[in-house]
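If you want the building blocks of each chain, they are given just below.
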Amino acid sequence: MDQRLHELHLHAGLVSGREKTCGKKMAYQSEELAVRAATAHNRWDKRRHDVEPYPCAFCQNWHVGNIMPLALLEAIAAAYEQTGNA
Ligand SMILES: [Zn+2]
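Structure report, in brief. The structure displayed is predicted, hence computed values, not measured ones. (Residues numbered from 1 in each chain as written. Predicted model: local features only at pLDDT ≥ 70, side-chain atom pairs only at ≥ 80, totals over all residues. Heavy atoms only, no water.)

Brief notes about the pattern of salt bridges
Turning to step 1, where the next piece is worked out: Per the stated rule, a full pass over the model turns up three salt bridges.
Turning to step 2, where the next piece is worked out: Two residues, Glu32 and Arg36, come together in a salt bridge whose shortest N-O distance is 2.9 Å. One end of the pair is Glu32 and the other is Arg36, both in helix α3 (residues 31-42) and four residues apart, which spans about a single turn.
Turning to step 3, where the next piece is worked out: Given the relative accessible area of 54%, Glu32 is considered exposed.
Turning to step 4, where the next piece is worked out: For Arg47, the salt bridge goes to Asp50, with nearest N and O atoms at 2.4 Å.
Turning to step 5, where the next piece is worked out: We classify Arg47 as partly exposed; its relative accessible area is 28%. (Salt bridge = Lys/Arg side-chain N within 4 Å of Asp/Glu carboxyl O. Helix = DSSP H or I, 4+ residues; strand = E, 2+ residues; numbered from the N terminus. Buried < 20%, exposed > 50% of the residue type's maximum accessible area, 1.4 Å probe, protein only.)

Some thoughts on the pairing of strand β1 (residues 51-55)
Turning to step 1, where the next piece is worked out: Summarising burial for β1: five of the five residues are buried, a large majority.
Turning to step 2, where the next piece is worked out: Two strands pair when backbone bridges link them, and β1 and strand β2 (residues 62-66) are joined in this way by five bridges, in the antiparallel orientation. Residue pairing in the sheet places Pro55 in a bridge with Trp62 of β2.
Turning to step 3, where the next piece is worked out: Linking β1 back to β2 in an antiparallel pair, the connection comprises six residues, with Gln60 at a positive phi of about 65°. (Pairing = 2+ DSSP bridges.)

As far as function goes, none of this settles anything; it's purely spatial.
Encoded structure:
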């Protein structure tokens, strides 16, 4: 994952909150492990939707969650920066 996307995910995570983005989610210690978990999930016939790995802003690990389009991440990060908490 490139640096900018990585930072956007961290900002979006801070905005969304620990409960939603970290909480009880399975934590992976590396991007590679999270990618492996997401890939396995996305091959599962009974999944409701595809997932992607993302870096966690709270526990410094990686989690797997709903796919966040880049435009949405950018919008969240922009709102975050406007609050002056960046
Ligand atoms: Zn976490």
